[in-house]
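As a plain string of letters, each chain reads:
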Amino acid sequence: MVTIIDYNTGNLGSIRNLIGKLGFDATISNDLDAIRNASKLILPGVGHFDYGMMKLRELGLIEVLSKKVVEEKTPILGICLGVQLFTRGSDEGKEPGLGWINAWTKAFDRSRINGLKIPHMGWSDLRINSGSKLFSGFTEIPRFYFVHSYHLQCENSADELAYCSHGYDFTAALEHDNIVGVQFHPEKSHRFGLHIMRNFINHY
């Protein structure tokens, strides 16, 4: 069962509907037993980094998630704020992140974006860096919908799956073993989002 983690952030219903269009079942839950029994996990999220980490802590989810992801190697997909929480921390706040990826969540450097608006919002092309299963089967340059003011910065380039540009290149997708994350919103990205979600469910 695919379990979408409910910690009071994110487009939970939209993600479940996307999965349903592919013919798969998904549940939205923050129940510890549901998470322990999940075959795949999705951590969505929209909003402030510190709020997301505090809600995970309040709900008692950090320990069970870390056991599932780090020890048991359960596949997990982080979306937007969700993937940012995988990192060690963020310029946005003071809370430590989950630390599953050797990366940091950085604010866009306004001195380098040539007057472009923050947040980075709208459709953008990706440049694929890796032959990852997540991006298999695309026959055209994939385009995804973004809404974010902070971006991923990985310490290990091998973890970087794809890049996007907003004044300068930033990491738009990452993967480390069973841990996969995207800065964009598959649930708002039409056929491209369907393709990504199908790949995650079928290949991880």
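Use the structure listed above.
Values in this document were obtained by computation on a predicted structure and should not be read as measured data.

### Observations concerning the environment of Lys188
Mapped onto the fold, Lys188 is located in the loop between strand S12 (179-182) and helix H6 (190-203). Sequence separation between Lys188 and Tyr145 is 43 residues, and the spatial gap between their C-alpha atoms is 6.1 Å. If sequence neighbours within four positions are ignored, Lys188 has contacts with Asn11, Trp123 and Tyr145.

### Brief notes about the nonpolar core
It is characteristic of soluble globular proteins that their nonpolar side chains tend to be buried jointly. Residues Ile19, Ile42, Leu126, Leu134, Phe135 and Met197 are the most contacted members of the largest nonpolar core, which totals 35 residues. Secondary-structure elements contributing two or more residues to this core are strand S1 (2-5), helix H1 (12-21), strand S4 (76-79), strand S8 (143-148), strand S10 (160-165), strand S11 (169-176), S12 and H6. Per-element accounting of this core gives the leading share, five residues, to H6. Filtering out sequence-adjacent residues up to four positions away, Leu126 remains in contact with Phe135, Ile141, Pro142, Phe144, Phe146, Ala162, Tyr163, Cys164, Ala172 and Phe184. One finds Tyr7, Phe49, Leu65 and Leu98 within the second-largest nonpolar core, a separate group that totals 26 residues.

### A word on the pattern of salt bridges
Considering all chains together, one arrives at nine salt bridges under this definition. Where Glu58 meets Lys55, a salt bridge forms, and the shortest distance between an N and an O atom there is 3.1 Å. Taken as a pair, Glu58 and Lys55 lie in helix H3 (residues 49-58) at a separation of three residues, close to a single helical turn. The class for Glu58 is exposed, based on a relative accessible area of 59%. A salt bridge links Arg143 to Asp125, with the shortest nitrogen-to-oxygen separation between them at 2.8 Å. Residue Arg143 is found in strand S8, and its partner Asp125 is found in strand S6 (residues 120-125); the two are separated by 18 residues along the sequence. A relative accessible area of 33% means that Arg143 is categorised as partly exposed.

### Here we look at unusual backbone geometry
For residues other than glycine, phi is negative in most cases, and the peptide bonds are mostly trans. Residue Pro119 follows Ile118 across a cis peptide bond; omega there is 10°. With respect to the helices and strands, Pro119 occurs in the loop between strand S5 (103-107) and S6. The backbone of Asn8 sits at a positive phi, close to 65°, despite the residue not being glycine. Note on placement: Asn8 falls in the loop between S1 and H1. Unlike most non-glycine residues, His190 shows phi in positive territory, near 55°. Positionally, His190 belongs in helix H6.

What counts and how
- Residues numbered from 1 in each chain as written.
- Predicted model: local features only at pLDDT ≥ 70, side-chain atom pairs only at ≥ 80, totals over all residues.
- Heavy atoms only, no water.
- Helix = DSSP H or I, 4+ residues; strand = E, 2+ residues; numbered from the N terminus.
- Contact = heavy atoms within 4.5 Å.
- Core = buried A, V, L, I, M, F, W, Y, C linked by side-chain atoms within 4.5 Å.
- Buried < 20%, exposed > 50% of the residue type's maximum accessible area, 1.4 Å probe, protein only.
- Salt bridge = Lys/Arg side-chain N within 4 Å of Asp/Glu carboxyl O.

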